[in-house]
Amino acid sequence: MTSALHTSALTSLPLLARGKVRDNYAVGTDRLLMVASDRLSAFDVILGEPIPGKGALLTQMALFWFGKLGHICPNHLTGEAPESVVTAAEIPQVKDRSMLVKRLKPIPVEAVVRGYLAGSGWQEYQQNQAVCGVALPAGLKNASKLPEPIFTPAAKAEVGEHDENISYEQVVAVVGAELAEQIKKISIEIYQTAAAFALTKGIIIADTKFEFGLDENGTLTLMDEVLTPDSSRYWPIEGYEAAFAAGQNPPSYDKQFVRDWLEAVRINGKPWDKTPPSPHLPPEVIAKTAAKYQEALARLTAA
């Protein structure tokens, strides 16, 4: 396994921003180099320990999906090699974990699509039988499959803040009715296409979030990462029915394993309050998390 990269340190390009996982560098005025680190965030806190190989796996998975979904919506890839814009000494930091992409005008909305009821959606449903203002049938349970996928947008938060669920009307207020409708339609179509494919590989994609930007011509373009276990809930099909029947969270390929460990851990006898610094992850949690990411990619891309 390659050594882990918690934080990239390229000096040949100007650093624009560090996100929870990605470090973005400017390449001229029209492109970005996105470097996926091995950082892991949970409950919007960046954990101190990196997950070796995670950045490369996320990048391979995003590239896999971008390749599959190009017919639905253009994406931000330039097709150029990330290694071509850094110095020879910096290549090890970007190899296999980076994308050289078009610089877009980001749309400040997380386009969330849910095919199953889980996480914050399940919590909201229990309170008012709706998610983000979308009314749902009575009698649904944790991890229920929804009658059809729903668009439940969120407002993009700063690093360390929680993304906040918002209504479709709020999206219209931010971007206008026409663009809001386009984002909703394309997001649901991408989700349905990806979920149907993943199912053939024994994976349920319960929900996911997309990010979009506008190019210089105002064309809606898919950007950032797409359909990775960091931005989606991936459940192996085996184990789902038993967990659903028991009212539990299904086993998953995403960060749920780490989240569950963090929820259970006690510091001086008290639960972690979900503010930095995070508890130190034990080696076995790091190893198991890395293995989950690898298994998800291996299953998806298996011939």
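Residues numbered from 1 in each chain as written. Predicted model: local features only at pLDDT ≥ 70, side-chain atom pairs only at ≥ 80, totals over all residues. Heavy atoms only, no water.

S.K.: Which residues make up the overall build of the protein, and what values do they have?
M.R.: Check the secondary structure of the protein and you find eight helices and 18 strands. Taken against the 2.2 N^0.38 rule, which gives 19 Å for 303 residues, the C-alpha radius of gyration of the protein at 19 Å falls within 12% of a compact globule. Expressed as lengths along the three principal axes of its C-alpha atoms, the size of the protein is roughly 60 × 50 × 40 Å. Within the protein, the fraction of its 303 residues that count as buried is 52%. Across the protein, contacts joining residues at least 24 apart in sequence account for 65% of those joining residues at least 6 apart. Element-wise, carbon and sulfur atoms account for 54% of the exposed surface of the protein, whose accessible area totals about 13,800 Å². (Helix = DSSP H or I, 4+ residues; strand = E, 2+ residues; numbered from the N terminus. Rg over C-alpha atoms; globule rule 2.2 N^0.38 Å. Buried < 20%, exposed > 50% of the residue type's maximum accessible area, 1.4 Å probe, protein only. Contact = heavy atoms within 4.5 Å. Areas by Shrake-Rupley, 256 points an atom, 1.4 Å probe, with all protein chains shown as cover.)

S.K.: Talk me through the packing of aromatic side chains; I want residue IDs and the actual numbers.
M.R.: Across all of its chains, the model carries eleven aromatic pairs by this definition. Centroid distance F43 to W272: 6.3 Å. Interplanar angle 65 degrees. Geometry classified as edge-to-face. Taken together, the residues F43 in the loop between strand 4 (41-42) and strand 5 (45-46) and W272 in the loop between strand 18 (270-271) and helix 8 (283-301) connect sequence positions 229 residues apart. For the pair F43 and W272, one class covers both residues: buried. Members of the aromatic cluster, each reached through a chain of ring pairs, are Y116, W235, Y240 and F244. (Phe/Tyr/Trp six-rings, centres within 6.5 Å; stacked < 30°, edge-to-face > 60°.)

S.K.: Please provide a residue-by-residue account of the packing of helix 4 (residues 168-175) against helix 5 (residues 177-200), values included.
M.R.: Put simply, helix 4 and helix 5 touch, their axes get as near as 7 Å, and they point 125 degrees apart. In terms of orientation, helix 4 lies oblique with respect to helix 5. Here helix 4 and helix 5 pass one another in a crossing that is right-handed. Across the interface between the two elements, Y168, V171, V172 and V175 from helix 4 touch A177, L179, A180, E181 and K184 from helix 5. (Axes fitted to C-alpha atoms, helices over the stretch in contact; angles between N-to-C directions. Parallel < 35°, antiparallel > 145°, perpendicular 65-115°, else oblique. Left-handed = near helix turned anticlockwise from the far one by under 90°.)

S.K.: I'd love a proper account of the pairing of strand 1 (residues 15-18), names of residues and values included.
M.R.: Of the pairings in the sheet, the one linking strand 1 to strand 2 (residues 22-27) comprises three bridges and is antiparallel in character. Following the sheet pairing, A17 is matched in strand 2 by N24. (Pairing = 2+ DSSP bridges.)

S.K.: Give a description of the environment of P149 that names residues and reports values.
M.R.: Mapped onto the elements of the fold, P149 is located in strand 11 (residues 145-151). Considering only alpha carbons, one finds P149 and L117, 32 residues apart in sequence, at a separation of 9.9 Å. Residue contacts for P149: discarding those within four places in its chain leaves V113, R114, G115, I188, Y191 and Q192.

S.K.: If you had to explain the environment of A291 to someone new, which residues and values would you point to?
M.R.: With respect to the helices and strands, A291 occurs in helix 8. Taking the relative accessible area as the measure of exposure, A291 reaches 38% and is therefore partly exposed. When the C-alpha atoms of A291 and Y253 are compared, they prove to be 9.0 Å apart, with 38 residues separating the residues in sequence.

S.K.: Give me the lowdown on helix 3 (residues 119-128), citing residues and values where you can.
M.R.: All of the buried residues in helix 3 are G121, W122, E124 and Y125. The buried residues of helix 3 occupy an angular sector of 165 degrees when the element is viewed end-on, so they sit on one face. With respect to the buried face of helix 3, the exposed residues turned more than 90 degrees away are Q123 and Q127. Summarising the contacts, the buried residues of helix 3 are in contact with strand 8 (109-116), strand 9 (130-131) and strand 13 (164-165). (Arc of directions from axis to C-beta.)

S.K.: Any details on the nonpolar core? Residues and values, ideally.
M.R.: Grouped together as the largest cluster of nonpolar side chains are 69 residues, with contacts concentrated most on W65, I190, F210, F212, L227 and Y234. Per-element accounting of this core gives the leading share, ten residues, to helix 5. If we ignore the near neighbours within four places in the chain, the residues touching W65 are A194, F197, I205, V226, L227, Y234 and L300. Counting eleven residues, the second-largest nonpolar core is a separate cluster that includes L10, Y25, V94 and L100. (Core = buried A, V, L, I, M, F, W, Y, C linked by side-chain atoms within 4.5 Å.)

S.K.: Kindly report on the pairing of strand 14 (residues 203-214), identifying the contributing residues and their values.
M.R.: Summarising burial for strand 14: eleven of the twelve residues are buried, a large majority. Bridge count between strand 7 (residues 105-106) and strand 14: two bridges; the pairing is antiparallel. Residue pairing for strand 14: P106 is matched across the bridge by G213. In the sheet, strand 8 pairs with strand 14 via four bridges, with the strands oriented antiparallel. Residue pairing across strands places R114 opposite D207, the latter belonging to strand 14. Sheet topology note: the strand 14/strand 15 (residues 220-223) ladder contains four bridges and is antiparallel. Considered in strand 15, the bridge of F212 is made with L222.

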